[in-house]
Amino acid sequence: NAGVTQTPKFRILKIGQSMTLQCTQDMNHNYMYWYRQDPGMGLKLIYYSVGAGITDKGEVPNGYNVSRSTTEDFPLRLELAAPSQTSVYFCASIKVRDRIYNEQFFGPGTRLTVL
Amino acid sequence: GQQVMQIPQYQHVQEGEDFTTYCNSSTTLSNIQWYKQRPGGHPVFLIQLVKSGEVKKQKRLTFQFGEAKKNSSLHITATQTTDVGTYFCAGRVAGGTSYGKLTFGQGTILTVHP
């Protein structure tokens, strides 16, 4: 298994540009999450999904959108990028059954700079 | 909303010294997890604690979950240079429909001087 993969690894955007951060997992996990991590800080939840076709907002959803058309993929869309969105973005997934939650598996991250 | 506070923010130790990081939640947790993130890397799961007062050990690492399930600690005995990184606690709120959402502490950055 490749686990959780994210592309791209690095990206520089200009203010106002848009982009999609890709996330794919091959572990048949039903729950997926997007986090952002600012320097020296913990992880803030942006959006999450409990299954294909179902998404919901986390703590910091403004400026982002997500979709979950398949179990494997959970792309994060940035519209009209702003400098405040400069961060490292992590995708994570987990297999949940009978409301038992175990470890989250994280992707390697995407380092985004908005200038 | 739920808050998870972690202290200290930074810790510098000499190799061989012990290290402890503490985690406190404003609400009762159903469980707490600990993650390690190496510099430039992604968080990697270390352990999950579920029961009140639970203590688990992994070699030189000891994890505790408080009796009230609102605090936790990670203790490393005789640190090594391989222990360098940021240690995060992450808690799930007890009750309700949390959908597995974790609230992360700010992390403790551990530096080990050889």
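How each quantity is defined
- Residues numbered from 1 in each chain as written.
- Chains lettered and ligands numbered in written order.
- Predicted model: local features only at pLDDT ≥ 70, side-chain atom pairs only at ≥ 80, totals over all residues.
- Heavy atoms only, no water.
- Helix = DSSP H or I, 4+ residues; strand = E, 2+ residues; numbered from the N terminus.
- Rg over C-alpha atoms; globule rule 2.2 N^0.38 Å.
- Buried < 20%, exposed > 50% of the residue type's maximum accessible area, 1.4 Å probe, protein only.
- Contact = heavy atoms within 4.5 Å.
- Buried area = accessible area lost by both parts, 1.4 Å probe.
- Polar contact = N/O pair within 3.5 Å; in protein donor to acceptor, adjacent residues only side chain to side chain.
- Nonpolar A, V, L, I, M, F, W, Y, C, P; charged D, E, K, R; others polar.

For chain B, the helix and strand inventory stands at zero helices and eleven strands. Beginning at the N terminus, the succession of helices and strands in chain B can be written as β-β-β-β-β-β-β-β-β-β-β. In terms of overall size, chain B behaves like a compact globule, its C-alpha atoms giving a radius of gyration of 14 Å where 114 residues would be expected to give roughly 13 Å. Seen through its principal axes, chain B has C-alpha atoms that stretch 45 × 30 × 20 Å. The buried share among the 114 residues of chain B stands at 45%. Restricting to contacts in chain B with at least 6 residues of sequence separation, those with at least 24 account for 56%.

Here the focus is the interface of chain B and chain A. Each side of the interface is counted separately: chain B has 21 residues, and chain A has 22 residues. Note on chain B versus chain A: buried area summed over both sides is about 1,800 Å², and carbon and sulfur give 54% of it. Joining chain B to chain A, the criterion identifies four residue pairs in polar contact (both at pLDDT 80 or more). Elements represented by at least two residues in the side of chain B that touches chain A include exactly β4 (29-37), β5 (44-49) and β9 (85-93) of chain B. Sorting elements by how many residues they give to the side of chain B that touches chain A places β4(B) first, with three residues. Tallied by class, residues from the side of chain B that touches chain A come to seven nonpolar, twelve polar and two charged.

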